[in-house]
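What follows is the residue order along each chain.
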Amino acid sequence: MTLFSAPLTRRTLLKTSAAGAGLLAAPALISSSALASSGELNFTGWAGYPGMAEKVFPAFEKATGIKVNFTEQPDQDTMFAQAKISLETGTSDVVEPTLDRVSAWNANGLLQGWDTSKLALDNYAPGLADGSADELATIDGQKLIVPSVWGTEALVYNTTDFPTEYGKASLADLFNPDNQITVRGHSALAAIGRWLDAEGKLPKPWIDGYKDEATMVELWDIVLAEAIKAKGNIVQFWGGENDAQAAFRTNGAVLGLCWDSTGFNLKKEGGYSYVAPKEGAFAWNQGLVLLKNAKNVEQAHEFAKWASTAEGSALWATAFSANPVGKGGIDLMDPAVSEFYKASFPGDAVSKLYWWPSQAAWFLAKRGEYADKYKAA
């Protein structure tokens, strides 16, 4: 999703608008203990998103009286290193990694669980803090991450040559020889794995392949063989936004498994749309974790709770070029974005999102090998 006509990157799904930029959360009632220690919060997050300092933190301070001290880091590896240092220095309270990294952070003793009684879990849109997302976020009975922004990879389609709709559109359509398609290598293999799993055609659940290398090899060997059989309908593999759009504009693709930014850009031109498959769209989720030795725990809970409100989540999503996590947040975005979102994820589509599972270093290496074999076949 986006508000700009320029080509977008993977993360550029929403951009600021007059409506979004002007949002301010209404004053909130907060616990007296939230201001008892310092009235401040030490937050480590992503560099390169000026809207956080310009819009998000001032709105949070206005709503709660809590000041955010922001440390910017360029990537999750640097955040992880900073969090380990903070165990000794106490310089960070809250950090914003992605959901699939949480198990590794916890295994290194970096995290404590959120006190859910001090949050507002009902604020989140269905499927973002419950269901499979909650299963990934909860370890040993502790909820270790709460969502802040999210994005998807689903079906872009030509409305004339491949008319479809939610409930009918399926991952299986990507492997129908009658359809000219564009896919990303590793995503396509995951899509056929999920499809075969749903059809009961795998010896083990697809998700088990993310847990150990032997199971991965067993399942991905099957999937690779099936994917190669169906490869004849691929007009182009894509690796980024520009080539994904080119597959439709110049190479004749009528269907693709692509980012929502691709769908939004092409829909603006007419003749294309974007929809979640009935099996559920692939989704990524960033969120807030509480470090084990956080000094400002009450303030951290107020921060997480505010970020889940309609106003807070809309501001956060605008700053991050991503989707809001709070109920009603999308209604505070630009109308064009709201319309696109609702058309792409009608009914129960959000509750059926398929969050990318935790992916260890060994898995990423093997995944790359399989994607290379697929593309070279």
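The numbering scheme is per chain: residues are counted from 1 as the chain's sequence reads. Owing to the predicted nature of the model, reporting of local features is limited to residues with pLDDT of at least 70; listing and counting of side-chain atom pairs is limited to 80 or more, with chain, interface and lining totals taken over all residues. For the side-chain quantities, the full set of heavy atoms in the structure was used; hydrogens and water were omitted.

Q: Lay out the pairing of strand S2 (residues 67–73) in plain terms, naming residues and giving numbers.
A: The side chains of a regular strand alternate, first on one face of the sheet and then on the other. Where strand S1 (residues 40–46) lies against S2, 7 bridges are found, and the strand directions are parallel. Bridged to Phe 43 within S2 is Phe 70. Orient the strands so they point away from the viewer, and a crossover whose first-strand-to-second-strand path over the helix runs clockwise is right-handed. Note on conventions: DSSP H or I runs of at least 4 residues are helices, E runs of at least 2 residues are strands, and numbering of each starts at the N terminus. In this fold, S1 hands off to helix H2 (residues 51–64), which returns the chain to S2; that crossover is right-handed. What makes two strands pair is DSSP finding at least two bridges between them.

Q: Give me the lowdown on the side chain of Thr 164, citing residues and values where you can.
A: Secondary-structure assignment places Thr 164 in the loop between strand S7 (146–158) and strand S8 (181–183). Reaching out from Thr 164, the side chain makes a polar contact with the backbone nitrogen of Ala 169 at a distance of 3.4 Å. Every residue in contact with Thr 164, bar those within four places of it in the chain, is listed here: Tyr 157 and Ala 169. Distance and chemistry together define a polar contact, namely a pair of N or O atoms within 3.5 Å, with one atom able to donate a hydrogen and the other to accept it when in protein, and with adjacent residues in sequence counting only for side-chain atoms on both sides. Pairs of residues are marked as contacts when any of their non-hydrogen atoms sit within 4.5 Å.

Q: Account for helix H13 (residues 361–376), naming residues and giving values.
A: In this analysis, the expected span of each helix is defined as 1.5 Å times one less than the number of residues it contains. An ideal rise of 1.5 Å per residue puts 22 Å on 16 residues; H13 measures up with 23 Å between its terminal C-alpha atoms. Each residue is placed in one exposure class: buried if its accessible area under a 1.4 Å probe, protein chains only, is under 20% of its type's maximum, exposed if it is over 50%, and partly exposed if it falls in between. All of the buried residues in H13 are Phe 363, Lys 366, Arg 367, Tyr 370, Ala 371 and Tyr 374. Take H13 and look down its axis: the buried residues cluster within an arc of 145 degrees, on one side only. Exposed residues pointing more than 90 degrees away from the buried face of H13 are listed as Ala 361 and Ala 376. The arc in question is the one spanned by the directions pointing from the helix axis to the C-beta atoms.

Q: Describe the pattern of salt bridges, and please don't skip the residues or the numbers.
A: Here a salt bridge means any side-chain nitrogen of Lys or Arg lying within 4 Å of a carboxyl oxygen belonging to Asp or Glu. In the structure shown here, the tally under the stated rule is 11 salt bridges. Here Glu 218 makes a salt bridge to Lys 204, at a shortest N to O gap of 3.1 Å. A residue pair is termed long-range when its members are at least 10 positions apart, and Glu 218 in helix H7 (residues 213–229) and Lys 204 in the loop between helix H6 (185–198) and H7 qualify at 14 residues. Assessed through its relative accessible area of 33%, Lys 204 is described here as partly exposed. Here Lys 342 ties to Asp 331 by a salt bridge, and the two come within 2.7 Å at their closest N and O atoms. Of the two residues, Lys 342 is situated in helix H12 (residues 335–344) and Asp 331 in the loop between strand S13 (323–324) and H12; the sequence distance between them amounts to 11 residues.

Q: Quick rundown of the nonpolar core? Include the residues and the values.
A: For soluble globular proteins, nonpolar side chains are generally found buried alongside one another. In these notes, a set of buried Ala, Val, Leu, Ile, Met, Phe, Trp, Tyr and Cys residues joined through side-chain atoms within 4.5 Å is what counts as a nonpolar core. With 114 residues, the main nonpolar core has Leu 174, Leu 288, Trp 316 and Phe 345 as its most contacted residues. In this structure Phe 345 touches Trp 150, Thr 152, Tyr 274, Ala 276, Ala 281, Val 350 and Leu 353, once residues within four positions along its chain are discounted.

Q: Could you give me a rundown of helix H10 (residues 297–307), with the residues and numbers involved?
A: Where burial is concerned, most of H10 is hidden: 9 out of the 11 residues are buried. Looking only at H10, the buried set comprises Glu 298, Gln 299, Ala 300, His 301, Glu 302, Phe 303, Ala 304, Trp 306 and Ala 307.

Q: I'd love a proper account of the packing of H7 against H13, names of residues and values included.
A: Taken N-terminus to C-terminus, the directions of H7 and H13 make an angle of 20 degrees; their axes are 11 Å apart at the nearest point. Comparing the axis directions of H7 and H13 gives the class roughly parallel. Considering how the two elements wind past one another, H7 and H13 form a crossing that is right-handed. Packed against H7, whose contacting residues are Glu 213, Met 216, Val 217, Trp 220, Asp 221, Leu 224, Ala 227 and Ile 228, the element H13 presents Trp 362, Phe 363, Lys 366, Arg 367, Tyr 370, Lys 373 and Tyr 374 at the interface. Residue type decides the class: Asp, Glu, Lys and Arg count as charged, Ala, Val, Leu, Ile, Met, Phe, Trp, Tyr, Cys and Pro as nonpolar, and the leftover types, Gly among them, as polar. Its residues assigned to classes, the contact of H7 with H13 shows 10 nonpolar, no polar and 5 charged. Fitted lines through C-alpha atoms serve as axes, helices being fitted only where they are in contact, and the angles separating the N-to-C directions of these axes extend from 0 to 180 degrees. In what follows, roughly perpendicular refers to angles from 65 to 115 degrees, roughly parallel to angles under 35, roughly antiparallel to angles over 145, and oblique to any angle outside these ranges. What makes a crossing left-handed is the near helix being turned counterclockwise from the far one by less than a right angle; a clockwise turn instead makes it right-handed.

Q: A description of the packing of aromatic side chains should follow, citing residues and the corresponding values.
A: Aromatic rings from Phe, Tyr and Trp, taking only the six-membered ring of Trp, are treated as a pair when their centres fall within 6.5 Å; an angle between ring planes under 30 degrees marks them as stacked, one over 60 as edge-to-face, and anything in between as tilted. Under the definition given, this model contains 28 aromatic pairs. Ring geometry for Tyr 274 and Phe 345: centres 6.4 Å apart, planes at 70 degrees, overall edge-to-face. Of this pair, Tyr 274 sits in strand S11 (residues 272–275) while Phe 345 sits in the loop between H12 and strand S14 (354–355); the two residues are 71 residues apart in sequence, bridging distant segments of the chain. Since its relative accessible area comes to 1%, Tyr 274 is described here as buried. For Phe 345, a relative accessible area of 5% translates into the label buried.

No statement about biological role is implied by the geometric values presented.
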